[in-house]
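Structural description and commentary
If you want the building blocks of each chain, they are given just below.
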Amino acid sequence: MNSKVTEIKALFDEKLALVTTSEQVEELRVEFMGKKGSVAALMSELKNVPNEEKKAFGQEVNVLKQEIETKIAEKRAAILEAEQQKLIDSAEEYDESLPYDIKTGSYHPITLVQRDLERIFTSMGFTIENYSEIVDDYHCFEALNIPKHHPARDMQDTYYLSTENQLLKTHTSAAQNAIMKKYGAPLRAIFPGRCFRNESTDACHENTFFQMEGIMIDKDISISNLIYFMKTMLSEVFQKDVTVRLRPGFFPFVEPGFELDIKCLNCGGEGCPSCKNSGWLELCPCGMIHPNVLAHGGIDSEEYTGFAFGLGLTRLAMMKYGVKDIRTFNSGSLKSLSQFKNE
Ligand code: FA5
């Protein structure tokens, strides 16, 4: 073996034995394998080696190179393992008995009210249905007796998607048609959901809010059934007497139609921003399902009648929890939202 190769090999082994950190390994690698390192210097001497020895010299340098690379890699791995072990050994011991403070999340107040209502209605034989937030024009309007250019559409301007005919649903009534077609009559169903309207916001209006729709279709369903279910629902939700009023209201998909208002619980009817100073809050429009809507849903209106209601779930949560401004619900403020008790 060439004496210089032997010399460098011995020097490398000697230095390697003294290395104890990753940084030192890197320094050693540069010293021997770097562009200006010992091995590169050795290669540059090839030109001075006699021709007949060149081949053997080149092979010896290559073997040396491989040997150094392997030893550096092994050393690096060994040091890394030792360093990790050191970290593990020095870590503080875990003491199970130490007191700890885990912050748990809480349900959103709208979820709480929704669950409450689902419990009440399922106990009265209603099924709970889920429906898409993206709907088409037919389901949101036409199937509900609101043809194109009908003035009732002005009240529910929404966000139209670039996909033809698709929009964000403005009311949960948009699910009526699909649910009628799915189950036929007789039928009792509620369907809560998020609604969207292009709306200026204030203390009682949001552009994104929740409603809960309910429909009941059977033989001989009348306004008395509607009033009974509305009264039962409100007394169960509030667990106290609340003052409501029923007045005529126009919705093209019911006939007759009503507005069910609740006396504002935030001001006791005196008038405040939550109720736009009127003392009353529009909560749950309702009415007897229009025969055209039943027909669109494939139900024979000669044989069956039914009622529908569209409860303002977000407003109900406002009243139940004494929230003065509806915008609190979408604010994402944990300080405000985490104060409501989970059930
Ligand atoms: C409707 O959306 C009808 N689909 C309700 C209906 C269903 C009538 C079935 C008859 C039969 P309206 O636009 O009034 O109606 O909304 C219903 C309720 O949703 C309101 O009483 C109110 O409580 C709530 N609501 C409406 N707009 C907003 C809003 N911008 N922010 C918060 N709550 C709203």
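For the structure itself, look to the data block above.
What comes next is a walk through the structure. (Residues numbered from 1 in each chain as written. Predicted model: local features only at pLDDT ≥ 70, side-chain atom pairs only at ≥ 80, totals over all residues. Heavy atoms only, no water.)

1. As for the overall build of the protein
To be explicit about the condition: Strands are runs of DSSP state E lasting at least 2 residues, helices are runs of H or I lasting at least 4, and numbering of each runs from the N terminus. Radius of gyration here is computed from C-alpha atoms only, and the compact-globule reference equals 2.2 Å multiplied by the residue count raised to the power 0.38. We call a residue buried when its accessible area falls under 20% of the maximum for its residue type, exposed when it is over 50%, and partly exposed in between, using a 1.4 Å probe and counting protein chains only. Where accessible areas are quoted, they stem from the Shrake-Rupley method and a 1.4 Å probe; at the residue level, only the protein chains shown are allowed to cover. The charged-residue count follows a simple rule in which Lys and Arg add positive charge and Asp and Glu add negative charge, with His and chain termini not counted at all. Where a charge sits is defined by one atom per residue type, namely NZ (Lys), CZ (Arg), CG (Asp) or CD (Glu).
Within the protein one finds 11 helices and 10 strands. In terms of overall dimensions, the protein is more spread out than a globule: its C-alpha atoms have a radius of gyration of 38 Å, far above the 20 Å expected for 343 residues. A total of 343 residues make up the protein; the buried ones form 41% of that total. When the accessible surface of the protein is summed, it comes to about 19,400 Å², and 51% of that surface belongs to carbon and sulfur atoms. Within the protein, one finds 38 positive and 50 negative side-chain charges whose respective centroids are separated by 3 Å.

2. Points about the site of the ligand
The cut-off we apply is this: Only heavy atoms are used to decide nearness, and a residue is near a molecule or strand if one of them lies within 4 Å of it. Throughout this description, a polar contact denotes any pair of N or O atoms lying within 3.5 Å of each other; where both atoms belong to protein, one of them has to be capable of donating a hydrogen while the other can accept it, and for residues adjacent in sequence the pair is counted only when both atoms sit in side chains.
Residues in close proximity to the ligand total 24 residues, the closest being His171, Ser173, Arg197, Glu199 and Glu206. Here serine 173 contributes a side-chain N or O atom positioned 2.7 Å from a nitrogen atom of the ligand. Between a nitrogen atom of the ligand and a side-chain N or O atom of glutamate 199, the distance comes to 2.9 Å. Within the complex, 96% of the 670 Å² of free accessible area of the ligand lies under protein. Of all elements in the fold, only β5 (208–218) and β10 (305–312) reach the threshold of two or more residues within the shell around the ligand. At 4 residues, the largest contribution of residues to the shell around the ligand is made by β10.

3. Description of the side chain of asparagine 266
Rules: In what follows, residue pairs with any heavy atoms lying within 4.5 Å of each other are defined as contacts.
Note that asparagine 266 resides in the loop between β7 (254–263) and β8 (280–282). At 3.0 Å, the side chain of asparagine 266 and the side chain of serine 274 are in polar contact. Setting aside residues up to four positions removed in sequence, asparagine 266 forms contacts with Cys272, Ser274, Met318, Met319, Gly322, Val323 and Lys324.

4. Examining the pattern of salt bridges
Our working rule: Counted as salt bridges are all cases of a side-chain nitrogen of Lys or Arg within 4 Å of a carboxyl oxygen of Asp or Glu.
Enumeration over the complete set of coordinates arrives at 23 salt bridges. Of the charged contacts, one joins lysine 148 and aspartate 137 as a salt bridge, the two residues approaching to 3.4 Å between their closest N and O atoms. Separated by 11 residues along the polypeptide, lysine 148 in the loop between α6 (137–140) and β3 (166–168) and aspartate 137 in helix α6 bring together distant segments of the chain. A salt bridge links aspartate 137 to arginine 153, with the nearest nitrogen and oxygen atoms 2.9 Å apart.

5. Structural notes on the packing of aromatic side chains
The condition is simple: Centre distance within 6.5 Å is the pairing criterion for rings of Phe, Tyr and Trp, where only the six-membered ring of Trp is used; planes under 30 degrees apart are then read as stacked, over 60 as edge-to-face, and the remainder as tilted. Cation placement over rings: the criterion is NZ of Lys or CZ of Arg within 6 Å of the ring centroid and within 35° of the ring normal.
Applying the stated rule across the entire model yields 7 aromatic pairs. Here arginine 115 stacks its cationic end above the ring of tyrosine 107, 4.2 Å away from the centre of that ring.

6. Here we look at helix α2 (residues 22–33)
Note the following rule: Between the first and last residue of a helix there are one fewer steps than residues, each counted as 1.5 Å, and that sum is the expected span. When we speak of the arc, we mean the arc of directions from the helix axis to the C-beta atoms.
When the terminal C-alpha atoms of α2 are compared, their 16 Å separation across 12 residues agrees well with the 16 Å that a helix rising 1.5 Å per residue should span. All of the buried residues along α2 are Val25, Leu28, Phe32 and Met33. Along α2, the residues classed as buried sweep out an arc of 95° about the axis, all on the same side. The outward face of α2, more than 90 degrees from its buried face, is lined by the exposed residues Glu23 and Glu27. Looking at the buried side of α2, the elements it contacts are α1 (3–18), α3 (38–44) and α4 (51–90).

7. Overview of unusual backbone geometry
Proline 186 follows alanine 185 through a cis peptide bond whose omega is -5°. Residue placement: proline 186 occurs in the loop between α7 (176–183) and β4 (187–196). Of note, the bond from glutamate 255 into proline 256 is cis; its omega dihedral lies within 30 degrees of zero at 0°. Residue placement: proline 256 occurs in strand β7. Notably, lysine 276 is not glycine yet its phi reads approximately 55°, a positive angle. For asparagine 277, which is not a glycine, the phi torsion comes out positive at approximately 60°.

8. Quick look at helix α5 (residues 109–122)
For α5, spanning 14 residues, the distance from its first C-alpha to its last is 20 Å, which sits close to the expected 20 Å at 1.5 Å a residue. Among the residues of α5, those classed as buried are Pro109, Ile110, Leu112, Val113, Asp116, Leu117, Glu118, Ile120 and Phe121.

9. Brief notes about the nonpolar core
Selection criterion: The set of buried Ala, Val, Leu, Ile, Met, Phe, Trp, Tyr and Cys residues whose side-chain atoms join them within 4.5 Å is what this entry labels a nonpolar core.
Grouped together as the largest cluster of nonpolar side chains are 47 residues, with contacts concentrated most on Leu117, Phe121, Met233, Phe309, Leu311 and Leu316. Within the residue set of this core, elements represented by two or more residues are α5, β5, α8 (223–238), β7, β9 (286–289), β10 and α10 (313–321). The leading source of residues in this core is α8, at 7 residues. Discounting chain neighbours no more than four positions away, the residues touching phenylalanine 309 are Phe121, Ile190, Met212, Glu213, Gly214, Met230, Cys284, Pro285 and Cys286. Core analysis: the next-biggest nonpolar cluster, separate from the first, contains 25 residues, Ala174, Phe191, Phe251 and Ile289 among them.

Purely geometric numbers; function is a separate question.
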